[in-house]
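# Results of the structural survey
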Amino acid sequence: MHKAMIFLRPATQTLLRRVASTSSGAATARIVAPTSATLLSGNFFSTAVRTPPRRGFADAAQTNDSTTASPWADFPMAPPDPIIGLTEAYLKDDFPDKVNVGVGAYRCDGGRPFVLPVVREAEKEISVEEVDHEYSGIAGCPDFVRLALKFAYGEDCVPLNENRIAGVQTLSGTGGLRVFGEVLRQFGHKHIYVPSPTWGNHIPIFTNAGLEVRKYRYYDNDTCSLDFSNLIDDMRSMPEGSCVLLHACAHNPTGMDPTPEQWKELSNVVMEKNLLPFFDCAYQGFASGDARKDAAAIRMFVEDGHKIALVQSFSKNFGLYGQRVGALSVVGDSPEEAQRVLSQLKVHIRPSYSNPPRHGARIVSKILADPEKTDDFVDQCMGMAKRINEMRNKLRQTLEDLGSTRSWDHITKQIGMFAYSGMSKDEVMALREKHHIYCTLDGRISMAGVTSKNVEYIANAIHDVTEGK
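Everything numeric in this text was worked out from a predicted model, so none of it was measured.

## A short note on the packing of helix α10 (residues 260-272) against helix α12 (residues 296-303)
- Put simply, α10 and α12 touch, their axes get as near as 10 Å, and they point 40° apart. In this view, α10 runs oblique relative to α12, as classed from their interaxial angle. Relative to α12, the crossing made by α10 is right-handed. Mapping the contact onto sequence places P260, W263, K264, L266, S267 and V270 in α10 and A297, M300 and F301 in α12.
- Class assignment for the residues of the contact of α10 with α12 results in seven nonpolar, one polar and one charged.

## Looking at helix α5 (residues 142-153)
- Given a rise of 1.5 Å per residue, twelve residues ought to cover 16 Å, and the 16 Å separating the end C-alpha atoms of α5 matches this to within 8%.
- Regarding α5, the residues found buried are F144, V145, L147, A148, L149, F151, A152 and Y153.
- Just downstream of α5 lies G154, where phi reads positive at about 95°.

## Overview of the confidence of the model for the protein
- On average, residues of the protein score 88 in pLDDT, and 85% of them are at 70 or above.
- The model gives residues 1-55 a pLDDT under 50, and that stretch makes 41 contacts with residues more than four places away or in other chains.

## Observations concerning the nonpolar core
- In terms of nonpolar packing, the biggest core is built from 95 residues, with F144, Y153, M235 and F279 touching the most fellow members.
- With near-sequence residues (within four places) excluded, Y153 lies in contact with L160, I165, I298, R299, V302, I308, L310, S329 and V331.
- Counting 26 residues, the second-largest nonpolar core is a separate cluster that includes L211, F278, V330 and L342.

## Observations regarding the sheet that holds strand β4 (residues 165-171)
- An order of β4-β12-β11-β10-β9-β5-β6 is seen for the seven strands of this open sheet, with the pairing classed as mixed. The sheet is open, and its two borders are formed by β4 and β6 (212-217), each paired with just one other strand. Taken over all neighbouring pairs, the strand axes of this sheet differ in orientation by 25° on average, direction set aside.
- In this structure, strand β11 (residues 309-313) lies alongside strand β12 (residues 325-331), joined through five bridges in antiparallel fashion. The partner of A309 across the bridge, within β12, is V330.

## Some remarks on the pairing of strand β9 (residues 243-247)
- Summarising burial for β9: five of the five residues are buried, a large majority.
- Of the two faces of β9, the one holding C243, L245 and H247 and the one holding V244 and L246 are both buried throughout.
- Pairing of strand β5 (residues 191-196) with β9 involves two bridges; the strand directions are parallel. Among the inter-strand pairings, Y193 is bridged to a residue of β9, identified as V244.
- Pairing geometry for β9 and strand β10 (residues 276-281), over five bridges, is parallel. Each bridged residue has a counterpart across the sheet, and for C243 the counterpart in β10 is L276.
- Since β9 and β10 lie parallel, the crossover through α10 that links them has a hand, and here it is right-handed.

## Let's talk about the packing of aromatic side chains
- Scanning all chains against the criterion turns up 17 aromatic pairs.
- Their ring planes at 80° and their centres at 6.1 Å tell us that Y106 and F286 sit as a pair that is edge-to-face. Here Y106 is found in the loop between β3 (99-100) and α4 (117-129), whereas its partner F286 is found in the loop between β10 and α11 (291-294), with 180 residues between them in sequence. Residue Y106 shares its accessibility class with F286, and that shared class is buried.
- Pairing F318 with F377 gives two aromatic rings, centres 4.1 Å apart and planes at 15°, and the pair type is stacked.

## Examining unusual backbone geometry
- Note the cis peptide between S196 and P197, where omega equals 5°.
- For P197, the location among the structural elements is in the loop between β5 and α8 (202-208).
- Residue S172 is not a glycine yet carries a positive backbone phi of 55°.
- Position of S172 relative to the elements: it lies in helix α7 (residues 172-186).
- S172 sits in the buried class, given a relative accessible area of 2%.

Quick notes on the rules
- Residues numbered from 1 in each chain as written.
- Predicted model: local features only at pLDDT ≥ 70, side-chain atom pairs only at ≥ 80, totals over all residues.
- Heavy atoms only, no water.
- Axes fitted to C-alpha atoms, helices over the stretch in contact; angles between N-to-C directions.
- Helix = DSSP H or I, 4+ residues; strand = E, 2+ residues; numbered from the N terminus.
- Parallel < 35°, antiparallel > 145°, perpendicular 65-115°, else oblique.
- Left-handed = near helix turned anticlockwise from the far one by under 90°.
- Contact = heavy atoms within 4.5 Å.
- Nonpolar A, V, L, I, M, F, W, Y, C, P; charged D, E, K, R; others polar.
- Expected span 1.5 Å × (residues − 1).
- Buried < 20%, exposed > 50% of the residue type's maximum accessible area, 1.4 Å probe, protein only.
- pLDDT = per-residue confidence, 0-100.
- Core = buried A, V, L, I, M, F, W, Y, C linked by side-chain atoms within 4.5 Å.
- Pairing = 2+ DSSP bridges.
- Right-handed = clockwise from strand over helix to strand, strands pointing away.
- Phe/Tyr/Trp six-rings, centres within 6.5 Å; stacked < 30°, edge-to-face > 60°.

Structure representation (structure tokens):
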């Protein structure tokens, strides 16, 4: 009998010994047809010489053979997210008086998550209605999109009333930023300008969308104020047609916004250079407590004739952090142009997340569609903004009462959720290690985490790590 030369894995050899038979005194392997379980386990053999396994998705499979590498073996540990990692470090700290002022989520004066009463009311009504859980369209819930655009652009907005604005529901602001970044890249844009500093996630979002991220000067760290002259100079030097990201209100992380007069000058320069203004609006109503005032820059640019793009988030102002409610819109030259833009937005949404979730959009729609609920929302937003402003004043006053030689007036000049303290990285680390107070390394303090119970502790700690340095 002809004997086949076969090369077996050790585990396969053990298996075959149990089923081997002998013929004429010579050991001959009796080949048993592999079952599906055998194939899935990887314990099958080949009549060809086996090459060493290669690491990778296609060539390395996890088996019971300890010599076979995992397809994930070459994956390095990624660095922790600056914000999420900060929270993880805070949670591991067992110091009883620890404070987290790093996360951008509103807290009541008791330091607990806050749900707006009008949101609770809307949720109860939705529950009684026994709505279905069918998919929304690619562009999201039409009622939500319509109301979201009216909320930002205003009821008397000419392009909105002429159906010249294309709008879609997105996965909060983050999803809208990514979708528009991809659209920009597909249609010829190779770069985008963002302020320095800006929200940390802006840079990886646009980079992953295929854009080169360039920066324009925005904040003067020496004076803790808006660096407006250099901002204007940088915009004048941008290549014509470039897309420039603008924070609509409550700039993150500095909390320092242009004045109405400065916004007007910005609008003029953007028009002269034929730049594409892209507004990120994450704090409308939350920044000042007045939704109209917080949308003033957006409405000014539209009235001036700019074909802007706008991304909205409803996380901060409605307190819907976990619902991921947002909108992306583009002002077109005509209704027909707006429809073409809309079709391209949908083309990018479909393979990304197919369609957005509905519950949060229903809550926002329920509130904005009802004038009485909208008034309640405005009042409750004003309450959040008022508490934060009170904490700003208290923090500054306590630092001054302690005899600090630094100026802290920028804390009360800034607006919105964050205070850009001006502390150095070393001071921030000392604040964390010595006093168990957690803020981001750039010195950004979430004022939402400052309460009447901890503000003096925070002020004393800041004074300790900054005085004389």
